[in-house]
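Observations on the three-dimensional arrangement
Each chain, written out:
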Amino acid sequence: MAYENIKTNLREGLLIVTIDRPKVLNALNAETVQEIYEAFSKARDDENVKAVIVTGGGEKAFVAGADINELAQKTPITGKETSERGQAVLSFIERFPKPVIAAINGFALGGGCELALACHIRIASEKAQIGLPEVTLGIIPGYGGTQRMARLLGKGKALELICTGDRIGAADAERIGLVNKVVPADQLMSVAEEMARKMMSRGPLAIRAAIEAVIRGGEMPFEEGQFLEATLFGLLCASDDTKEGMNAFLEKRPARFKGR
Ligand code: CO8
């Protein structure tokens, strides 16, 4: 499918989705959000896609937020609808059954930070600047950022970042747990790819169950999350992959997982 605002590139099972509007620092207009949804929707059903990396086109930005030209036109009704649509797309990414890694190559602000928060892993270039500056525009994060930031960092740090609107650099983002890892800019994609390919080499059903247990389980009370974990564990015990993983260990050979 031809996209106007994103690029997709599938190589040996790894899909790279590049948000590509560099003239506006990859700001997310409605069309871009829709294209991101279409790319993920297609990738979800495509057996050839085993993992996804999301990054930004150009030198400066991952995504500098929702497109302020569009935001400026919102009414109470369309503002709520736009927020709900963005939330739904980012939740679709968060619940994606294959690993999704954000490779944060520059500014990840507002909706861009929220997009990164919806990914399973965040790897940042040393040049990255991350923040939720919405209050400087008189709005609040509207793509799940108030919820995901508070769940990831705790309410205190989340409220500090959201209510100051301050951007932080990559090193500070790593220190507070907002990103998993910081790497030199020229190594960003190779490090993200290396992590993605390591995950792709593991049992895909186990990876899917692990994501589901952590993401869905994180939305539940502890005991229900544990119940989900045990149920997924039991389900995996019925799979060929689980037998293969155990046999491979006992036979001292690498496992050959088939996703069945
Ligand atoms: N939307 C539209 N255009 C943008 C955006 C944006 N978010 N960010 C940058 N641009 C444009 C600039 O207007 C500029 O265009 P032009 O060349 O025509 O003047 C071009 O990109 C380059 O930007 P700058 O010249 O400003 O580049 P600098 O290096 O000087 O500054 C910054 C880079 C610091 C990133 C700066 O561009 C900036 O502050 N951008 C806005 C960041 C921001 O506030 N983001 C949050 C937006 S609100 C949001 O994301 C809400 C999400 C939830 C929505 C819920 C739906 C209702």
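Residues numbered from 1 in each chain as written. Predicted model: local features only at pLDDT ≥ 70, side-chain atom pairs only at ≥ 80, totals over all residues. Heavy atoms only, no water.

1. Focus: the pattern of salt bridges
In plain terms, the rule: Definition used for salt bridges: Asp or Glu carboxyl oxygen within 4 Å of a side-chain nitrogen of Lys or Arg. Strands here are runs of E lasting at least two residues and helices are runs of H or I lasting at least four, both read from the DSSP assignment and numbered beginning at the N terminus. Burial classification: accessible surface area is computed with a 1.4 Å probe over protein chains only, and a residue below 20% of its type maximum counts as buried, one above 50% as exposed, and the rest as partly exposed.
Following the criterion strictly, the structure yields 11 salt bridges and no others. We note a salt bridge from R175 to D172, for which the minimum N-O separation is 3.3 Å. Taken together, the residues span about one helical turn, with R175 and D172 both in helix 7 (residues 170-175) at a distance of three residues. Accessibility expressed as a relative area gives 61% for R175, which makes it exposed. R253 is paired through a salt bridge with E244; the nearest N and O atoms lie 2.7 Å apart. Judged by its relative accessible area of 24%, R253 falls in the partly exposed class.

2. Considerations on empty space enclosed by the protein
Put simply, the rule is: The definitions used throughout rest on a 1 Å grid laid over the protein atoms alone, on which a cavity is an enclosed set of points accommodating a 1.4 Å probe that cannot get out and a pocket is an open set flanked by protein within 12 Å on both sides along at least five of seven lines; lining residues are those having an atom within 4 Å of a point. Grid points are joined across faces, edges and corners, and a volume is the space filled by probe spheres set on the points. Put simply, Ala, Val, Leu, Ile, Met, Phe, Trp, Tyr, Cys and Pro go in the nonpolar bin, Asp, Glu, Lys and Arg in the charged bin, and everything else, Gly too, in the polar bin.
Taken as a whole and judged by the stated rule, the model has two cavities of 30 Å³ or more. Quantified by volume, the largest cavity comes out at close to 50 Å³. Around the largest cavity, the lining residues are L28, V33, I36, G86, V89, L90, L115 and Y143. Elements with a contribution of two residues or more to the lining of the largest cavity: helix 1 (30-45) and helix 3 (76-94). Counting residues per element, the lining of the largest cavity draws most heavily on helix 3, which supplies three residues. Looking at side-chain class alone, the lining of the largest cavity contains seven nonpolar, one polar and no charged residues. By volume, the second largest cavity amounts to about 30 Å³. Taken together, I104, C113, A116, L117, R122, I130, L178 and V179 make up the lining of the second largest cavity. No other element matches helix 4 (residues 111-118), which puts three residues into the lining of the second largest cavity. Across the lining of the second largest cavity, the residue classes tally to seven nonpolar, no polar and one charged.

3. Quick look at the sheet that holds strand 10 (residues 181-183)
The strands that make up a sheet pair up through hydrogen bonds in the backbone, lying either parallel or antiparallel. Formally: What makes two strands pair is DSSP finding at least two bridges between them. The angle between two axes is taken between their N-to-C directions and runs from 0 to 180 degrees, where each axis is a line fitted to C-alpha atoms and a helix contributes only its stretch in contact.
Here we have six strands laid out as an open sheet, ordered 1-2-3-5-7-10, and mixed in their pairing. Taken across any chain shown, the strands that pair with only one partner, and hence form the sheet edges, are strand 1 (6-11) and strand 10. Within this sheet the neighbouring strands show an average axis-to-axis angle of 20°, counted without direction. Pairing of strand 3 (residues 51-56) with strand 5 (residues 100-104), which is carried by three bridges, proceeds in the parallel orientation. Among the inter-strand pairings, V52 is bridged to a residue of strand 5, identified as V100.

4. Observations regarding the domain arrangement of the chain
As a reminder of what qualifies: Where each domain starts and ends follows an automatic or database-derived domain assignment. Should any heavy atoms of two residues lie within 4.5 Å, those residues are counted as being in contact. By buried area we mean the combined loss of accessible area, with a 1.4 Å probe, across both parts when two parts are placed together.
Taken as a whole, the chain is organised into domain 1 (6-200) and domain 2 (204-250). Look at where the C-alpha atoms of domain 1 and domain 2 centre, and you get two points 26 Å apart. The interface of domain 1 with domain 2 comprises nine residues on the first partner and six residues on the second. A buried area of about 700 Å², summed over both sides, lies between domain 1 and domain 2, and 58% of it is on carbon and sulfur atoms.

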